[in-house]
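Coordinates in review
What follows is each chain in one-letter form.
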Amino acid sequence: CLAVIIALLALSSVHIALSWEKVVVLRFGKLARVVGPGLYLTIPIIEHGTIRVDQRVIATPFYAEKTLTADLVPVNIDAVLFWVIWGPEKACTEVEDCCFAVALTAQTALRDAIGRADASEVIMRRDQLDQEIKDAIEARVGDWGITVLGVEVRNIILPRALQDVMSQEAQAERRRSARLTLMESEKMVAELLSEAAEVYRNDEIAY
């Protein structure tokens, strides 16, 4: 019976962490060490591997539904956050659920960024919006042993009425540009004809 108990304790002390994992080991409830990947041992009863941290790049989708811009236009935006855990001990001890906390932080940063810009700026400056959100998230999660690799805004949905108005404005701007281009061309042709007339005026044969 004693041999069986010893064998079970020995088996319970042997563990394997996958190649992309780090394991936070606690001893008497306190942080003892971070191990992995590969084979690692723990002292039965006294130690246990409490959390396995995935150190691969994590993609977290987040959304902002009917969020008001600075000019009070409700927009729906969905984006993706790419991040990685570089400090397993911090991710386990500084925050309760790092994945949930990162998702909430990203959503809050997105809403704040939208609220500071007009609807036209949100659409036209998408790249700057990505960087602004990334910087805001980094400032909040850096102490959790997390690095933000990037943010990509995938879709921006405006109210239908506003889409129609912006479409009409864009069409009007294109027509205006086309008319200006035509006027410039006609002006150039008139100037060339005027120069040609001056040349011909002094040459009876050419005239």
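To start, this report covers the structure provided alongside it. (Residues numbered from 1 in each chain as written. Predicted model: local features only at pLDDT ≥ 70, side-chain atom pairs only at ≥ 80, totals over all residues. Heavy atoms only, no water.)

Turning our attention to the overall build of the protein. The number of helices and strands found in the protein is six helices and eight strands. Order of helices (α) and strands (β) in the protein, N terminus to C terminus: α-β-β-β-β-β-β-β-α-α-α-α-β-α. For the protein, the residues scored as buried account for 29% of the 207 residues in total. Here the analysis covers contacts within the protein between residues at least 6 apart in sequence; of these, 63% occur between residues at least 24 apart. Working note: accessible area of the protein is about 13,600 Å², and carbon and sulfur atoms make up 58% of it. (Helix = DSSP H or I, 4+ residues; strand = E, 2+ residues; numbered from the N terminus. Buried < 20%, exposed > 50% of the residue type's maximum accessible area, 1.4 Å probe, protein only. Contact = heavy atoms within 4.5 Å. Areas by Shrake-Rupley, 256 points an atom, 1.4 Å probe, with all protein chains shown as cover.)

The full count for this structure, using the stated rule, is nine salt bridges. Across the salt bridge formed by Glu47 and Arg27, the nearest N and O atoms sit 2.4 Å from each other. In this pair, Glu47 sits in strand S5 (residues 47-54) while Arg27 sits in strand S2 (residues 21-27), placing the two residues 20 residues apart along the sequence. Among the salt bridges present, the one from Asp112 reaches Arg140, with a minimum N-O distance of 3.4 Å. Of the two residues, Asp112 sits in helix H3 (residues 98-115) while Arg140 sits in helix H5 (residues 126-141), which places them 28 residues apart along the sequence. For Asp112, a relative accessible area of 32% corresponds to the partly exposed category. Given a relative accessible area of 37%, Arg140 falls into the partly exposed group. Through salt bridges with shared partners, a single network forms among Arg27, Arg33 and Glu47. (Salt bridge = Lys/Arg side-chain N within 4 Å of Asp/Glu carboxyl O.)

Once that is clear, we can look at the sheet that holds strand S8 (residues 146-157). One open sheet holds the three strands; their spatial order is S6-S7-S8, and the pairing between them is antiparallel. This sheet does not close on itself; its edge strands, each paired only once, are strand S6 (58-68) and S8. Adjacent strand axes in the sheet meet at a mean angle of 20° when their direction is disregarded. Bridge count for S6 against strand S7 (residues 74-85) is nine bridges, and the pairing is antiparallel. When the sheet's bridge partners are listed, Leu68 is paired in S7 with Pro74. In this fold H3 packs onto S6, S7 and S8, with an angle of close to 40° to the strand it touches most, S6. Packing of H5 onto the sheet brings it into contact with S6, S7 and S8, and relative to S8 it is tilted by some 140°. (Pairing = 2+ DSSP bridges. Axes fitted to C-alpha atoms, helices over the stretch in contact; angles between N-to-C directions.)

Residue class for Glu47 comes out buried when judged on its relative accessible area of 5%. A distance of 2.9 Å separates the side chain of Glu47 from the side chain of Arg33, its partner in a polar contact. With residues up to four places along the chain from it excluded, the contact list for Glu47 reads Val25, Leu26, Arg27, Arg33, Leu41 and Thr42. (Polar contact = N/O pair within 3.5 Å; in protein donor to acceptor, adjacent residues only side chain to side chain.)

On to H3. Helix length check: H3 (18 residues) gives 26 Å between terminal C-alpha atoms against 26 Å at 1.5 Å per residue, within 8%. Where H3 is concerned, the buried positions are Cys98, Ala101, Val102, Thr105, Ala106, Ala109, Leu110, Ala113 and Ile114. If you follow the buried residues of H3, they end up packed against S6, S7, helix H2 (88-93), H5 and S8. (Expected span 1.5 Å × (residues − 1).)

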